[in-house]
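One-letter residues, chain by chain:
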Amino acid sequence: FPPVVAGGSRANCLHYIANNRTLNAGELVLVDAGCQYHGYVSDITRTWPVGGTFSPAQEALYEIVRRVKQESIQACRPGVTLNFLHSAAIDMLASELQNLGVLSRRLSGTELNALMNQL
C-alpha cells in the first residue's frame, strides 16, 4: 500500500496519498509507511518539522506524545490488556493537554472521558 506523506493540514486526512503539495517551513511532515509480508502487516508513523526545528507549540505537543508513548511502553507487562494500555494512555494525554492549557481543567471526569474517547 502507498505511504502517506503529508504536510500541514493534509496530515489530518486519513490515508492522504495525493502527495502533490509543497511542504512549507513551519509545518510538520507526517510519514506513515507500511509493509506486508506473508500475512504479516506492520506500519510506522513519524512526524518531523519541515524546516528542521519545531515551533514552541509543536515541540510541546511532540514531547507530550513522546512521554505518553514511553510510559505506555513501560506499562507493557504480561497480563496487561490492550484496553488497559489504551485507557491509561488516554488518561495521560488528557492530563498533559490540561497541563498545557489545550483542554480545560473545568471539564468533569465524564466530559473529559467523552472528549478523549473521540480521539
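Residues numbered from 1 in each chain as written. Predicted model: local features only at pLDDT ≥ 70, side-chain atom pairs only at ≥ 80, totals over all residues. Heavy atoms only, no water.

Caption draft 1: Just the sheet that holds strand β2 (residues 28-37), in detail. A sheet is described by the order of its strands in space; here three strands give the open sequence β1-β2-β3, paired in antiparallel fashion. Unpaired on one side and paired on the other, β1 (4-7) and β3 (40-49) mark the two borders of the sheet. Across the sheet, the mean angle separating the axes of adjacent strands is 10° when strand polarity is ignored. (Pairing = 2+ DSSP bridges. Helix = DSSP H or I, 4+ residues; strand = E, 2+ residues; numbered from the N terminus. Axes fitted to C-alpha atoms, helices over the stretch in contact; angles between N-to-C directions.)

Caption draft 2: The arrangement of the packing of helix α1 (residues 56-75) against helix α2 (residues 82-100) in detail. Axis separation between α1 and α2 bottoms out at 10 Å; the angle between their running directions is 150°. The orientation of α1 relative to α2 falls into the category roughly antiparallel. You can see that α1 and α2 cross each other, and the crossing is right-handed. Between α1 and α2, the contacting residues are Ala 60, Leu 61, Ile 64, Arg 67, Val 68, Glu 71, Ser 72 and Ala 75 on the first element and Leu 85, Ala 89, Met 92, Leu 93, Glu 96, Leu 97 and Leu 100 on the second. (Parallel < 35°, antiparallel > 145°, perpendicular 65-115°, else oblique. Left-handed = near helix turned anticlockwise from the far one by under 90°. Contact = heavy atoms within 4.5 Å.)

Caption draft 3: Expanded view of the pattern of salt bridges. The final tally for this structure, using the stated rule, is three salt bridges. For Glu 96, the salt bridge is made with Arg 67, and the minimal N-O distance between the two is 2.8 Å. Taken together, the positions of Glu 96 in helix α2 and Arg 67 in helix α1 put the pair 29 residues apart, joining distant regions of the chain. For Arg 67, a relative accessible area of 32% translates into the label partly exposed. (Salt bridge = Lys/Arg side-chain N within 4 Å of Asp/Glu carboxyl O. Buried < 20%, exposed > 50% of the residue type's maximum accessible area, 1.4 Å probe, protein only.)

Caption draft 4: Highlighting the side chain of Gln 58. Position of Gln 58 relative to the elements: it lies in helix α1. With relative accessibility at 16%, the residue Gln 58 sits in the buried group. Within polar-contact distance, the side chain of Gln 58 engages the backbone nitrogen of Ser 55 at 2.9 Å. (Polar contact = N/O pair within 3.5 Å; in protein donor to acceptor, adjacent residues only side chain to side chain.)

Caption draft 5: Representation of unusual backbone geometry within the structure. Phi is positive for His 38, which is not a glycine, with a value near 45°. Structurally, His 38 can be placed in the loop between β2 and β3. Residue class for His 38 comes out exposed when judged on its relative accessible area of 71%.

By themselves, these observations are geometric and do not establish any function.
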